[in-house]
2 protein chains.
Amino acid sequence: MKTTATFYHAGCPVCVAAEQNLANALDPSRYNVEVVHLGEKKSRVQEAEAAGVQSVPALVLDGAVFHINFGAGLEALK
Amino acid sequence: MKTTATFYHAGCPVCVAAEQNLANALDPSRYNVEVVHLGEKKSRVQEAEAAGVQSVPALVLDGAVFHINFGAGLEALK
């Protein structure tokens, strides 16, 4: 049975592509990945907080919250 | 073709199981997941640094480093 893994982010333009790569690397036979832009869907902030999300980007997977810190490469800023 | 995703950690007893769940959630048809305990394999610290790892736990995936901050649930400490 598939479970839903939820990736919460706030649209950081440099980081979001790389971070979505992490979400997309999850096994599609086990996880439905939902990507939620909390800046655009403020109605879901409360849900994210209830799941334990303290900062974005974060991935909620099997009930555990992983706060992800992707140090953007300077190449992306050139 | 599979690529190798490397999960570096230092054996935090509360966190490591949950963090390995993240590594194990990756798509096995696309990724070989290697788990490296840097506390036990200090010879690989230099390799991790070269890949951009600044703290553990971290996941190196497709050349990008994701520093993962798992806030351990208090339940694990009871």
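Everything below is about the structure printed above this text.
Parameters at a glance
As a convention, each chain's residues are numbered from 1 in the sequence order in which they are written. The naming scheme follows written order: chains are lettered A onward, ligands numbered 1 onward. In keeping with the model being predicted, local features are shown solely for residues with a pLDDT of at least 70 and side-chain atom pairs are shown and tallied solely at 80 or more, while totals for entire chains, interfaces and linings include all residues. To get the side-chain values, take all heavy atoms of the structure and skip hydrogens and water. Superposing the copies works by least squares over the C-alpha atoms of residues that have pLDDT at least 70 in both of them. Here, two residues are considered to be in contact whenever any of their heavy atoms come within 4.5 Å of each other. Simply put, the buried area is the total loss of 1.4 Å probe accessible area from both parts when two parts are fitted together. Salt bridges are identified by distance alone: a Lys or Arg side-chain nitrogen within 4 Å of an Asp or Glu carboxyl oxygen. Within 3.5 Å is the distance limit for a polar contact, defined as a pair of N or O atoms, with the added protein rule that one can donate a hydrogen and the other accept it, and that residues adjacent in sequence qualify only through two side-chain atoms. Strands here are runs of E lasting at least two residues and helices are runs of H or I lasting at least four, both read from the DSSP assignment and numbered beginning at the N terminus.

*Asks:* Could you give an account of the relation of the copies chain B and chain A, naming the residues involved and the relevant values?
*Replies:* Placing chain B over chain A gives an RMSD of 0.0 Å and needs a rotation angle of 180°, together with 0.0 Å of translation along the axis. Each copy turns onto its partner about a two-fold axis.

*Asks:* Tell me about the interface of chain B and chain A, and please be specific about residues and values.
*Replies:* Chain B puts 21 residues into the contact, and the matching count from chain A is 21 residues. The largest per-residue losses of area from chain B upon contact with chain A belong to B:Leu22, B:Ala25 and B:Phe66, which jointly make up 33% of the total buried on that side. Across the chain B-chain A interface, the total number found is zero salt bridges. Here chain B is connected to chain A by six residue pairs in polar contact (both at pLDDT 80 or more).

*Asks:* Could you give an account of the side chain of B:His9, naming the residues involved and the relevant values?
*Replies:* Note that B:His9 resides in strand 1 (residues 3-9). The contacts of B:His9, once residues within four sequence positions are left out, are B:Val16, B:Gln20, B:Val35, B:Val36, B:His37, B:Leu38, B:Gly39, B:Val56 and B:Pro57.

*Asks:* Can you lay out the pattern of salt bridges for me, pointing to particular residues and giving the numbers?
*Replies:* Taken as a whole and judged by the stated rule, the model has six salt bridges over all chains. Note that A:Asp27 and A:Arg30 form a salt bridge whose closest N and O atoms lie 2.8 Å from each other. With its nearest N and O atoms 2.8 Å apart, the salt bridge here joins B:Glu34 to B:Arg44. One end of the pair, B:Glu34, is in strand 2 (residues 31-37); the other, B:Arg44, is in the loop between strand 2 and helix 2 (45-50), and 10 residues separate them in sequence.

*Asks:* With reference to specific residues and values, describe the side chain of A:Thr6.
*Replies:* Along the chain, A:Thr6 falls in strand 1 (residues 3-9). Apart from residues lying up to four places away in sequence, A:Thr6 is in contact with A:Glu34, A:Val36, A:Ala58, A:Leu59 and A:Val60.

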